[in-house]
Amino acid sequence: SDLRPVTQGNLLFKFADDTYLVVPSDNTDTCDNELAHVRDWACANNLTLNQSKSQELLVIAPGVRGAGTRLNPPPAIPNIERVQSLSVLGVVVNERLSTEDHEAKIIAGSSKALYALRVLRTHGMTTPALQIVFQATVLTKILYCSPAWSGFCRAADIARMEAFLRRSKRGGYCAENTPDIIKLFKEADCSLLKRIIANPQHTLH
């Protein structure tokens, strides 16, 4: 809790051993100082900042990107990879703050899970049991952290996920009474809101 940014306006978000430094465009010249501060803090606490696992993501507003303005991005930080998308606690965020990369990852992973379910079926697992496994693995993967990102979905992204659910129902892996993807997202939102309201100690209360 004593690890804080050096420059006003910069932000540090910390989760266990993951740290995310957010630097606005006005403070781009402070990145080196902030990283040096994190390195020094880590050393003082018998830890090491692993720069080979660190990544830099430049977020550019869509209006700026599409206005024909010449972009002059800041120089890359030495020994840190600059990427176009970043996994933040399991949710993929790209340079446009779009969810399409995250949804593509979900669909790819879920399609692999369907292959595993087919293998279980060939070994004699019943349809009701397969649907329980689908609920516990595939649906939970799709809905993971959905209150944080589902509101950014485009119609095409929703349609892709809905098509996957229909295919899973046709194959007998997903129960026929499973709601559509939009209703599942709304149920996840309501569940989170109820937990927040009912618990005064909740961070978001």
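Residues numbered from 1 in each chain as written. Predicted model: local features only at pLDDT ≥ 70, side-chain atom pairs only at ≥ 80, totals over all residues. Heavy atoms only, no water.

## With respect to the packing of helix H3 (residues 100-122) against helix H6 (residues 155-170)
Now for step 1: Where H3 contacts H6, the axes come no closer than 10 Å and their chain directions differ by 10°. Taken together, the axes of H3 and H6 lie roughly parallel to each other. When H3 is examined against H6, the residues Glu-100, Glu-103, Ile-107, Ser-110, Ser-111 and Leu-114 are found in contact with a partner set consisting of Asp-157, Arg-160, Met-161, Phe-164, Arg-167 and Ser-168.
Now for step 2: Class assignment for the residues of the contact of H3 with H6 results in four nonpolar, three polar and five charged. (Axes fitted to C-alpha atoms, helices over the stretch in contact; angles between N-to-C directions. Helix = DSSP H or I, 4+ residues; strand = E, 2+ residues; numbered from the N terminus. Parallel < 35°, antiparallel > 145°, perpendicular 65-115°, else oblique. Contact = heavy atoms within 4.5 Å. Nonpolar A, V, L, I, M, F, W, Y, C, P; charged D, E, K, R; others polar.)

## So, the state of the cysteines
Now for step 1: Throughout the structure, instances matching the rule amount to zero disulfides.
Now for step 2: Note on Cys-153: no disulfide assigned, nearest cysteine sulfur contributed by Cys-145 at a separation of 13 Å.
Now for step 3: For Cys-153, a relative accessible area of 17% translates into the label buried. (Disulfide = S-S within 2.5 Å. Buried < 20%, exposed > 50% of the residue type's maximum accessible area, 1.4 Å probe, protein only.)

## Considering the layout of surface pockets
Now for step 1: The computed volume of the second largest pocket comes to approximately 190 Å³.
Now for step 2: Lining the second largest pocket, in full, are Leu-143, Pro-147, Leu-184, Glu-187, Ala-188, Ser-191, Leu-192 and Arg-195.
Now for step 3: The leading source of residues in the lining of the second largest pocket is helix H7 (residues 181-198), at six residues.
Now for step 4: Grouping the constituent residues of the lining of the second largest pocket by class yields five nonpolar, one polar and two charged. (1 Å grid on protein atoms, 1.4 Å probe; cavity = no way out; pocket = protein on both sides within 12 Å on 5 of 7 lines; lining within 4 Å. Points joined across faces, edges and corners; volume = space filled by probe spheres on them.)

Any functional reading would require information beyond the geometric quantities listed.
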